[in-house]
Amino acid sequence: MGVEIKFSQSYFWLNSWILANIIQLGTQSFCDRFIDYRIDPGRRLYDQMVLAARCGVANIAEGTARASTSIETEMRLLDVARASLDEVQGDFFNFLLRRKAVIWPLGHPDREAIWKTELDAPRYTNSLLHDAAAHILAQKSKYDPWIESDSPEIAANAMLILCVRINRMLQSQLQGLLDQFRLQGGFSENMTAERLEARRNQAVLEKAPTCPECGKPMLRRLQKKGRMQGREFWGCSDYPRCNGTRPVNK
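Bear in mind that the values here come from a model prediction, so they are computed numbers and not experimental data.

Analysis parameters
Residues numbered from 1 in each chain as written. Predicted model: local features only at pLDDT ≥ 70, side-chain atom pairs only at ≥ 80, totals over all residues. Heavy atoms only, no water. Axes fitted to C-alpha atoms, helices over the stretch in contact; angles between N-to-C directions. Helix = DSSP H or I, 4+ residues; strand = E, 2+ residues; numbered from the N terminus. Left-handed = near helix turned anticlockwise from the far one by under 90°. Contact = heavy atoms within 4.5 Å. Nonpolar A, V, L, I, M, F, W, Y, C, P; charged D, E, K, R; others polar. Buried < 20%, exposed > 50% of the residue type's maximum accessible area, 1.4 Å probe, protein only. Salt bridge = Lys/Arg side-chain N within 4 Å of Asp/Glu carboxyl O.

Q: Where do I start with the packing of helix α1 (residues 15-34) against helix α3 (residues 71-98) in this structure?
A: For any two helices packed against each other, one specifies the crossing angle of their axes together with the interaxial distance. Two numbers describe how α1 lies on α3: the axes approach to 12 Å, and their chain directions differ by 35 degrees. α1 and α3 meet at a crossing whose hand is left-handed. Listed contacts from α3 to I23, T27, F30 and F34 of α1 are L85, V88, F92 and F95. Of the residues belonging to the contact of α1 with α3, the class tally is seven nonpolar, one polar and no charged.

Q: I keep staring at the environment of M49 and nothing clicks. Help me out?
A: Considering the arrangement of structural elements, one finds M49 in helix α2 (residues 44-65). Separated by 41 residues in the primary sequence, M49 and G90 have C-alpha atoms spaced 9.6 Å apart. Ignoring sequence-local partners within four residues, the contact set of M49 consists of T27, C31, I35, V88, D91 and F92.

Q: Sorry, what's going on with unusual backbone geometry here?
A: Most peptide bonds take the trans configuration, and most residues that are not glycine carry a negative phi. Notably, R43 is not glycine yet its phi reads approximately 60 degrees, a positive angle. Tracing the backbone shows R43 in the loop between α1 and α2. In this structure R43 comes out as partly exposed when scored by relative accessible area, which is 44%. You will see that K100, though not glycine, has its phi angle at about 55 degrees, which is positive. Relative to the helices and strands, K100 is located in the loop between α3 and α4 (109-116). Here K100 falls in the exposed class, since its relative accessible area comes to 77%.

Q: Hey, could you run me through the pattern of salt bridges in this one?
A: Where charged atoms of side chains with opposite charge meet at close range, the side chains can pair. In the structure shown here, the tally under the stated rule is nine salt bridges. We note a salt bridge from R33 to E148, for which the minimum N-O separation is 3.7 Å. With R33 in helix α1 and E148 in the loop between α5 (128-147) and α6 (152-184), this pair connects stretches of sequence that are 115 residues apart. Across the salt bridge formed by R82 and D79, the nearest N and O atoms sit 2.7 Å from each other. With a gap of three residues between them, R82 and D79 both fall in helix α3, about one helical turn apart. Since its relative accessible area comes to 24%, R82 is described here as partly exposed. With relative accessibility at 36%, the residue D79 sits in the partly exposed group. Linked through salt bridges whose partners overlap, the residues forming this network are R33, K140, D144 and E148.

In structure tokens:
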């Protein structure tokens, strides 16, 4: 497969990025309303929760923007996003523990309602930023009865569920990228294949000789080591599987 440089803001269509934005907005709202000086006199908890939620959004965006040039980098950054959002989940979990509040179990009606609430597919026009903002706010409004509740226990429980959901999303996304990497390789492998293909095409145009060992087209190469360093020679295009060579006739 050849190298293809794709649109770097394709993450606007990802449900994981959209849900991460909802979690970031929900975390900011929660901290503004419920993380006050009585439990966070130095504002460290406030800052850490807000920054961890932001990190989740930013790393999904940055990782997906690198999709064309490095699946490996995309996977690493998505994993960082997952870890950051797990950190947010831990803070909401601790908030509920500190208040000795009930964490909704499986089967709780509010928990089940949030879990079953699906995100709509985005429908963007050329006004991408405008449309994306409207779409995120429209999707957030589905969860607002819980995450914007005046009850800190309801809001924290709702945010816990959204954090679990995005963890599942990112896990699935990472598995998909791993499967893609197994089939297609990474950027380095594809760049090498692209370069070799271009050189094979050039060899055909130059009417390069065929390999004496396997009969495939040969490529003009340069001796890099030894007493003949700097000397040109013909090398098999199937190297390293074939070591056939011919001298270049000046």
